[in-house]
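The primary structure of each chain is shown beneath.
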Amino acid sequence: MKHIYLISGMGADERIFCRLRFPGSYTVHYLPWLDPLPNEPFRDYAARMAQGITADGEITLLGLSFGGMISLEIARQRPIAKNILVSTIKHTRERPPYFNWVRKLRLHHLPDQLIFRQRYPVVRYFLGVKSPEEEALLRDYLRKKDYTYLRWAINTVIQWENDFIPPSIVHINGAKDLTFPVRFVKPTHIIPGGGHFMVMNRAEEINRILSQEL
């Protein structure tokens, strides 16, 4: 039996994968985000996430954006047949330079009202949201008022250090991804014109890659 576990991006949920299609030989699961413990290290958080993988058989992970980073840490800790990364980075060398600027200037430590309250236009731009359906989904995600998880997640991404690459990996990025620009990334597949939200607005092209790789 083959199983694929989906891990969404920061602040998102399983709805972000609504347009993806997988071969009939796979049972599809969603691995939900957990509330982080105070000052929880990334590896410990990933270990808790991995406890949600309860199926027996061959396990594949598909991680979107921050979920891709989590999937790599899980693969470091337990056997995974294949890692599929979408709109993300694999290791520290692919991290965009502006991440380092944010860290050095400590911009991720600004008050909530500066980071979260008026973030919709910025987030919409960097995600490449296009359709009314995508806008509605994004607005719903941004309505969440508990910023504890987002604080932890942003700090984790900014500080992320990784040099572990699993042996079986598929990495799909968009040519116009503003969050993780492809000029810094070396994916196995590039979607022409694809942005950070391409899991929804370029799903057909991603599905073709999935049908080849799975």
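Predicted, not measured: the structure shown is a model, and the values here were computed from it.

Enquirer: What exactly am I supposed to notice about the nonpolar core here?
Expert: A general tendency of soluble globular proteins is for nonpolar side chains to be buried together. If you look at the biggest cluster of nonpolar residues, it comprises 31 residues, and the most contacted ones within it are W33, M49, F66, M69, I70, I74 and Y149. The set of elements that each furnish at least two residues to this core consists of β1 (2-7), α1 (42-50), β3 (58-64), α2 (66-77) and α7 (148-159). Considering every element that reaches this core, the biggest residue donor is α2, with 6 residues. F66 has contacts with G9, M10, W33, F42, Y149, W152, A153, T156 and V157, leaving out every residue within four places of it along the chain.

Enquirer: Quick question: what am I supposed to make of the pattern of salt bridges here?
Expert: Pairing between side chains becomes possible if they bear opposite charge and their charged atoms approach one another. The final tally for this structure, using the stated rule, is 6 salt bridges. A salt bridge links E40 to R48, with the shortest nitrogen-to-oxygen separation between them at 2.8 Å. Here E94 and K90 are joined by a salt bridge, their closest N and O atoms 2.6 Å apart.

Enquirer: Please clarify how the environment of L72 should be interpreted in this entry.
Expert: Within the secondary structure, L72 is located in helix α2. Judged by relative accessible area, which is 0%, L72 ranks as buried. Along the primary structure L72 and I89 are separated by 17 residues, whereas in three dimensions their C-alpha atoms are 10.0 Å apart. Not counting residues up to four positions away in its chain, the partners in contact with L72 are N83, L85, I89, K90, W160, N162, F164, P166 and I169.

Enquirer: Sorry if this is basic, but what is going on with the sheet that holds strand β2 (residues 26-30) here?
Expert: Two strands in a sheet stick together by hydrogen bonds in their backbones, pointing the same way (parallel) or opposite ways (antiparallel). Within the open sheet, the 6 strands sit side by side as β2-β1-β3-β4-β5-β6. Their pairing is parallel. At either end of the open sheet lies a strand with only one pairing partner, and these are β2 and β6 (189-191). In this sheet, neighbouring strand axes are inclined to one another by 20 degrees on average, regardless of whether the strands run parallel or antiparallel. As defined by bridge partners, β3 adjoins strand β4 (residues 82-86) across 5 bridges and the pair is classed as parallel. Considered in β4, the bridge of L62 is made with I84. The strands touched by helix α9 (residues 203-213) are β3, β4, β5 (169-174) and β6; relative to β6, the strand with the most contacts, the crossing angle is about 160 degrees.

So, how was this worked out
- Residues numbered from 1 in each chain as written.
- Predicted model: local features only at pLDDT ≥ 70, side-chain atom pairs only at ≥ 80, totals over all residues.
- Heavy atoms only, no water.
- Core = buried A, V, L, I, M, F, W, Y, C linked by side-chain atoms within 4.5 Å.
- Buried < 20%, exposed > 50% of the residue type's maximum accessible area, 1.4 Å probe, protein only.
- Helix = DSSP H or I, 4+ residues; strand = E, 2+ residues; numbered from the N terminus.
- Contact = heavy atoms within 4.5 Å.
- Salt bridge = Lys/Arg side-chain N within 4 Å of Asp/Glu carboxyl O.
- Pairing = 2+ DSSP bridges.
- Axes fitted to C-alpha atoms, helices over the stretch in contact; angles between N-to-C directions.

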